[in-house]
Amino acid sequence: MSKEKVLIERARVARELSVSPYSHFLIGAAVQTPEGKIFTGCNIESSSYGLTVCAERIAIYKAVSEGEREFECIAIVADTEPLTPPCGACRQVIWDLCGDIQVLLANLNGDKESLQMRKLYSHAFDERFLIEPHRK
């Protein structure tokens with residue numbers, strides 16, 4: 001099985017663990033390091049909607065909390081047509097913590113698409129705008 005298929009399958013399995021009693025919108029994610037370690041996440045909802053956390057952020061935060069700092073790919077699986085890309089908050093976190101990694105979008109029908117993060121987040125806000133000399 002290819003690396004991409006393995007990552008998508010891990011995200012699909014993580015999706016089944018979703019806690020989404022309000023939206024019923026189950027998402028799974030899996031992020032992979034250059035060494036091949038995979039960290040998974042599922043969306044977890046709160047009755048206070050603003051406290052809900054997406055699958056992508058959970059997977060990345062799990063990896064970072066275990067000491068990982070380099071990533072090569074993230075897979076996101078939902079049961080949708082068309083394929084579901086990361087939300088704006090997740091795009092920011094992916095850009096900040098993973099950089100221009102490969103993003104695999106997939107659904108339960110076997111459809112998939114591979115994009116680079118720079119295509120999903122073409123005008124990213126990042127540390128370049130926080131450097132002191134740029135402030136006036």
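Presented here is a report on the structure given in the accompanying data block. (Residues numbered from 1 in each chain as written. Predicted model: local features only at pLDDT ≥ 70, side-chain atom pairs only at ≥ 80, totals over all residues. Heavy atoms only, no water.)

Taken as a whole and assessed by the stated rule, the structure comprises three aromatic pairs. Centroid distance Y22 to Y49: 5.9 Å. Interplanar angle 75°. Geometry classified as edge-to-face. Of this pair, Y22 sits in the loop between helix 1 (3-15) and strand 1 (27-32) while Y49 is found in the loop between strand 2 (38-42) and helix 2 (55-65), placing the two residues 27 residues apart along the sequence. On the numbers, 5.5 Å between centres and 10° between planes, the contact of F125 with F129 is stacked. A residue is classified by how much of its surface remains accessible, and F125, at 43% relative accessible area, is partly exposed. (Phe/Tyr/Trp six-rings, centres within 6.5 Å; stacked < 30°, edge-to-face > 60°. Helix = DSSP H or I, 4+ residues; strand = E, 2+ residues; numbered from the N terminus. Buried < 20%, exposed > 50% of the residue type's maximum accessible area, 1.4 Å probe, protein only.)

Here we take up the sheet that holds strand 2. Strand order across the open sheet formed by five strands is 2-1-3-4-5, with mixed pairing between neighbours. Sheet topology places strand 2 and strand 5 (112-116) at the edges, where each strand pairs with a single neighbour. Here the strands of the sheet are splayed against their neighbours by 15° on average, with no regard to which way each runs. Relative to strand 3 (residues 73-78), strand 1 is paired through six bridges, and the arrangement is antiparallel. Residue pairing across strands places A30 opposite A75, the latter belonging to strand 3. (Pairing = 2+ DSSP bridges. Axes fitted to C-alpha atoms, helices over the stretch in contact; angles between N-to-C directions.)

Read these as geometric descriptors, not functional statements.
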